[in-house]
Amino acid sequence: FKEPLRVVVSGAAGQISYSGLLSKLLNGDCFGRDTPIELRLLEIPPAVRACEGVVKELHDCAFPLLKDIKITTEADEAFDGVDYAFLVGAFPRKKGMERSDLLQRNKDIFVKQGKSLNRFGKETTKVVVVGNPANTNALICSEYAHSLPKKNFSCMSRLDHNRTISQVAKHTGATHVKNCCIFGNHSPTMVPVVEPATLETKEGLTVAADCLLTSVSKEMITDTVRQRGSEIIAFRGLSSALSAAKAAVDHVKDWASGTQPGEFVSMGVCSDGSYGVPEGLFSSYPVVCKGGEWSIVHGLGLSEAQKEAIEISAKELLKEAEMVL
Ligand code: NAI
């Protein structure tokens, strides 16, 4: 067995944690079956009792990798010596609430957690923000955790990425689709890009997805991916949780242990100015990961329409940033 990892999950009593994030972590799906885990579950006081119930269930699963588990409502306690933080807990958008109200309520949460990470995090602590508005929350958190490198912060666009992969597979009847990507904000302005994707046909041949996709099917894929979150809410009465939990694990697994050779994935990371997104904003990009580090894939060919769409999404990110910083 390796040394245990200390992993923080905020919003641990919520849907995403319950519908797979916690069990996948303890099953070894993220960090391997040889890595014990010390879980720190960060919650707010009204959710502590429910969280205690979740902890009882986790014990009942008898995961061999569960080394230690603690619930806390104190960010400082949660982040002390943390290796990986899944920041899932966020204030939900309520009826009649403006987006600016949502941004403000979440700002308070991520300022506090950022300050706490600043004091108690490590040079190597890696953070993924899942709670919405994820990109701007990640920006706030990283600003207030200024003693940690910016590259240690990310936000999740992997669910949008996985949805794109799945839609390409559906429209082409293929398997093993890879190298789709998402640019921009995790919002309806996001820009799914399928042109670089490759896939395996039923006959076992690897071909460019673009050969099998019409412009109509590409538009359908973009619309479906952009609206999928709302579609799930319309059907379930609740937002995506099972698929979000899987995506969060995919995101951190690839970050920690590397992407497959010849493959890129989507992560929300601090922009270096590439693809027209102003430097410093947290935008989704195609990335490759190696040795625990991500790097943006540069030089993908994009159409003028895609470049304009990324500009629109970047403007939205800038507007959000101006509202909270
Ligand atoms: P949920 O409402 O079921 O659970 C949220 C949990 O966060 C609750 O247990 C709540 O008590 C806790 N919480 C609230 N404020 C907190 C704080 N300051 N510190 C610690 N915990 C706190 O929500 P669910 O479905 O688990 O989703 C969580 C977040 O993830 C939401 O913001 C949702 O919009 C977002 N999300 C993001 C996706 C993405 O692709 N980036 C996909 C799906 C959801």
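Owing to the predicted nature of the structure, the values given are computational and were not obtained by experimental measurement.

Visitor: Help me out: how do you make sense of the sheet that holds strand β7 (residues 175–178) in this one?
Guide: Strands pair in a sheet through their backbones, by hydrogen bonds, and they do so in one of two ways: parallel or antiparallel. Within the open sheet, the 3 strands sit side by side as β7-β10-β11. Their pairing is antiparallel. The sheet is open, and its two edges are formed by β7 and β11 (206–208), each paired on a single side. Here the average twist between neighbouring strands, direction ignored, is 20 degrees. With 2 bridges joining them, β7 and strand β10 (residues 198–200) adopt antiparallel strand pairing. Bridge pairing in β10 places K178 opposite T198. Docked against the sheet, helix α6 (residues 158–172) engages β7 and β10, running at close to 130 degrees with respect to β7.

Visitor: Any chance you could explain the domain arrangement of the chain here in plain terms?
Guide: For an interface, size is often stated in terms of accessible area lost upon the parts coming together. Here the domain parsing of the chain yields domain 1 (5–155) and domain 2 (158–324). Inter-centroid distance (C-alpha atoms) of domain 1 to domain 2 is 23 Å. Tallying the contact residues gives 34 residues for domain 1 and 35 residues for domain 2. When the two sides are added together, the surface that domain 1 and domain 2 hide from each other amounts to roughly 2800 Å², 66% of it contributed by carbon and sulfur.

Visitor: So what exactly am I meant to see when it comes to α6 here?
Guide: Every α-helix carries 3.6 residues per turn, so stepping three or four residues along brings you back to the same face. Between its terminal C-alpha atoms α6 stretches 21 Å, which fits the 21 Å expected from 15 residues at 1.5 Å a residue. Restricting attention to buried positions, one finds in α6 the residues R158, L159, D160, H161, N162, R163, T164, I165, Q167, V168, A169 and T172.

Visitor: Whenever I open this one, the pairing of strand β2 (residues 37–42) confuses me. Can you help?
Guide: Looking down a regular strand, the side chains alternate between one sheet face and the other. Of all 6 residues in β2, 6 are buried, a share of seventy percent or more. Side-chain alternation along β2 places I37, L39 and L41 on one buried face and E38, R40 and L42 on a second face that is also buried. Where strand β1 (residues 5–10) and β2 come together, 6 bridges link them in parallel fashion. Residue pairing in the sheet places V7 in a bridge with L39 of β2. When β2 meets strand β3 (residues 66–72), the two strands line up parallel, connected through 6 bridges. Among the inter-strand pairings, L41 is bridged to a residue of β3, identified as I71.

Visitor: Which parts of the structure should I look at to understand the packing of aromatic side chains?
Guide: Remark: the centre distance and the inter-plane angle together describe each pair of aromatic rings, the angle taken between the planes. What the rule picks out here adds up to 4 aromatic pairs. Arranged with centres 4.5 Å apart and planes meeting at 45 degrees, the rings of F31 and Y84 form a pair that is tilted. Remark: Y84 occurs in strand β4 (residues 84–87) and F31 occurs in the loop between α1 (15–27) and β2; sequence separation between them is 53 residues. Judged by centre distance (6.1 Å) and plane angle (45 degrees), the ring pair of Y275 and Y285 falls under tilted. Residue Y275 is found in the loop between β12 (265–270) and β13 (282–290), and its partner Y285 is found in strand β13; the two are separated by 10 residues along the sequence. An identical accessibility class is assigned to Y275 and Y285; each is buried. Seen from the ring of F91, R105 lies directly overhead, with NZ or CZ sitting 3.9 Å from the centre.

Visitor: Would you take a moment to explain the site of the ligand for this structure?
Guide: For the ligand, the set of nearby residues contains 23 residues, the closest of which are Q15, I16, E43, V130 and N132. One nitrogen or oxygen atom from the main chain of G11 is found 3.4 Å from a nitrogen atom belonging to the ligand. Take I16: an N or O atom from its main chain is 3.0 Å from an oxygen atom of the ligand. Protein contact buries 82% of the 870 Å² of open area that the ligand shows by itself. Listing elements by their share of the shell around the ligand, those giving two or more residues are α1 and α4 (99–120). Across the shell around the ligand, the residue classes break down as 12 nonpolar, 10 polar and 1 charged. Shared between two domains, the shell around the ligand takes at least three residues from each, and those domains are domain 1 (5–155) and domain 2 (158–324).

Visitor: Where do I start with the nonpolar core in this structure?
Guide: Core analysis: the biggest nonpolar cluster contains 51 residues, and F79, F183 and V287 have the highest contact counts within it. Ranked by residues supplied to this core, first place goes to helix α9 (residues 304–324) with 6 residues. Per-domain counts for this core show at least three residues from each of domain 1 (5–155) and domain 2 (158–324). Apart from the residues within four sequence positions on either side, F183 is in contact with M190, V191, V193, Y275, S284, Y285, P286, L300, L302 and I310.

Visitor: Just to check I follow, could you spell out the pattern of salt bridges for this structure?
Guide: Note that side chains of opposite charge can pair when their charged atoms are close. Summed over all chains, the structure comprises 19 salt bridges. Note that D34 and K2 form a salt bridge whose closest N and O atoms lie 3.8 Å from each other. Highlighted residues: D34 in the loop between α1 and β2 and K2 in the segment before β1, separated in sequence by 32 residues. Close ionic contact of D68 with K70 constitutes a salt bridge, the shortest N to O distance being 3.6 Å. Overlapping salt bridges, with partners in common, bring together R6, E38 and K67 in one network.

Definitions and cut-offs
Residues numbered from 1 in each chain as written. Predicted model: local features only at pLDDT ≥ 70, side-chain atom pairs only at ≥ 80, totals over all residues. Heavy atoms only, no water. Pairing = 2+ DSSP bridges. Helix = DSSP H or I, 4+ residues; strand = E, 2+ residues; numbered from the N terminus. Axes fitted to C-alpha atoms, helices over the stretch in contact; angles between N-to-C directions. Contact = heavy atoms within 4.5 Å. Domains from an automatic or database assignment. Buried area = accessible area lost by both parts, 1.4 Å probe. Expected span 1.5 Å × (residues − 1). Buried < 20%, exposed > 50% of the residue type's maximum accessible area, 1.4 Å probe, protein only. Phe/Tyr/Trp six-rings, centres within 6.5 Å; stacked < 30°, edge-to-face > 60°. Lys NZ or Arg CZ within 6 Å of the ring centre and 35° of its normal. Near = heavy atom within 4 Å. Polar contact = N/O pair within 3.5 Å; in protein donor to acceptor, adjacent residues only side chain to side chain. Areas by Shrake-Rupley, 256 points an atom, 1.4 Å probe, with all protein chains shown as cover. Nonpolar A, V, L, I, M, F, W, Y, C, P; charged D, E, K, R; others polar. Core = buried A, V, L, I, M, F, W, Y, C linked by side-chain atoms within 4.5 Å. Salt bridge = Lys/Arg side-chain N within 4 Å of Asp/Glu carboxyl O.

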